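# Residue-level structure breakdown
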Amino acid sequence: PLNCPDCCKKVVSDYNNLLREKDLARLEDNKYTYTSTGCPKCNYTGIVSRIPITEIIPFDNILRDYFVERRGLVETEKFLRQHDFRSLWDKGLDLVIDQKVSLDNLCDVLMVDEDYKD
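About the criteria used
- Residues numbered from 1 in each chain as written.
- Predicted model: local features only at pLDDT ≥ 70, side-chain atom pairs only at ≥ 80, totals over all residues.
- Heavy atoms only, no water.
- Helix = DSSP H or I, 4+ residues; strand = E, 2+ residues; numbered from the N terminus.
- Buried < 20%, exposed > 50% of the residue type's maximum accessible area, 1.4 Å probe, protein only.
- Contact = heavy atoms within 4.5 Å.
- Areas by Shrake-Rupley, 256 points an atom, 1.4 Å probe, with all protein chains shown as cover.
- Lys, Arg positive; Asp, Glu negative; His and termini not counted.
- Charge placed at Lys NZ, Arg CZ, Asp CG, Glu CD.
- Salt bridge = Lys/Arg side-chain N within 4 Å of Asp/Glu carboxyl O.
- Axes fitted to C-alpha atoms, helices over the stretch in contact; angles between N-to-C directions.
- Parallel < 35°, antiparallel > 145°, perpendicular 65-115°, else oblique.
- Nonpolar A, V, L, I, M, F, W, Y, C, P; charged D, E, K, R; others polar.
- Patch = residues over 30% accessible without salt bridge, like charges linked within 9 Å, V, L, I, M, F, W, Y side chains within 5 Å.
- Arc of directions from axis to C-beta.
- Core = buried A, V, L, I, M, F, W, Y, C linked by side-chain atoms within 4.5 Å.
- Disulfide = S-S within 2.5 Å.

## Section: the overall build of the protein chain
Looking only at helices and strands, the protein chain has five helices and four strands in total. Of the regular secondary structure in the protein chain, the N- to C-terminal order runs β-β-α-β-β-α-α-α-α. Counting only residues that meet the buried cut, the protein chain has 30% of its 118 residues in that class. Taking as baseline every contact in the protein chain between residues at least 6 positions apart, the subset at least 24 positions apart corresponds to 68%. Of the accessible surface of the protein chain, which amounts to about 8100 Å², a share of 51% is contributed by carbon and sulfur atoms. For the protein chain, the separation between the mean place of its 17 positive charges and that of its 22 negative charges on side chains is 3 Å.

Structure follows, in structure tokens:
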């Protein structure tokens, strides 16, 4: 859900402890995100609309040849990142940085894995 810009406020999320250092560095003062609390303009929901976050992998011969080799998930993600792939998490965090989505909502939807490390 998109934050209501009229009642959006700065907060420290409970999810901050799950973020990687490079993600924390992108937050305001390395800790603040924004969330909406509700107001008359958003009918006290804190939400003005919803926005999809999508992951699209342009498939080409290089990618096809890579997948034929049946590599592991971590290795595949590194390969995709080398080819400018941006994950749902990366795109969602961009929306958090732009104050459009709360970090709590993003983490609730994507269920951040505490064991994930780059």
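Once the structure has been displayed, the description carries forward.
## Points about the pattern of salt bridges
Tallied over the entire structure, the rule returns nine salt bridges. Its salt-bridge partner being D23, residue R20 comes within 3.0 Å of it at the nearest N-O pair. The network of salt bridges with shared partners includes R26, R86 and D94.

## Section: the packing of helix 2 (residues 61-68) against helix 3 (residues 73-82)
Running from amino to carboxyl end, helix 2 crosses helix 3 at an angle of 170 degrees, the nearest separation of the two axes being 12 Å. In terms of their interaxial angle, helix 2 and helix 3 are classed as roughly antiparallel. Residue-level contacts link I62, L63, Y66 and F67 of helix 2 to E75, T76, F79 and L80 of helix 3. In terms of residue class, the contact of helix 2 with helix 3 is built from six nonpolar, one polar and one charged.

## Considering a nonpolar patch on the surface
The grouping of I57, F59 and F67 at the surface amounts to a nonpolar patch, some 290 Å² of accessible area in total. As for its position among the elements, F59 is in the loop between strand 4 (47-49) and helix 2.

## A word on helix 5 (residues 103-110)
Turning to helix 5, its buried residues are L103, L106 and C107. Down the axis of helix 5, the buried set is contained in an arc of 95 degrees. They therefore lie on one face. Contact partners of the buried residues in helix 5: strand 3 (32-36) and helix 4 (88-97).

## Some thoughts on the nonpolar core
Counting residues in hydrophobic clusters, the biggest one holds eleven residues: L2, L19, L27, W89, L93, L95, V96, V101, L103, L106 and C107. Every element with two or more residues in this core is listed here: helix 4 and helix 5. By residue number, the principal contributor to this core is helix 4, which donates four residues. With near-sequence residues (within four places) excluded, V101 lies in contact with P1, L2, N3, Y34, I51, L95, V96 and L106. Y66, F79, L80 and F85 belong to the second-largest nonpolar core, a separate cluster that totals five residues.

## Quick word on the side chain of T76
Secondary-structure assignment places T76 in helix 3. With relative accessibility at 9%, the residue T76 sits in the buried group. Non-local contacts of T76, meaning those with residues more than four positions away in its chain, are made with Y66, F67 and R71.

## Remarks on the state of the cysteines
Counted by the stated rule, this structure contains zero disulfides. In this structure C7 is not part of a disulfide, and its nearest cysteine sulfur, from C4, lies 3.8 Å away. A relative accessible area of 9% places C7 in the buried class.

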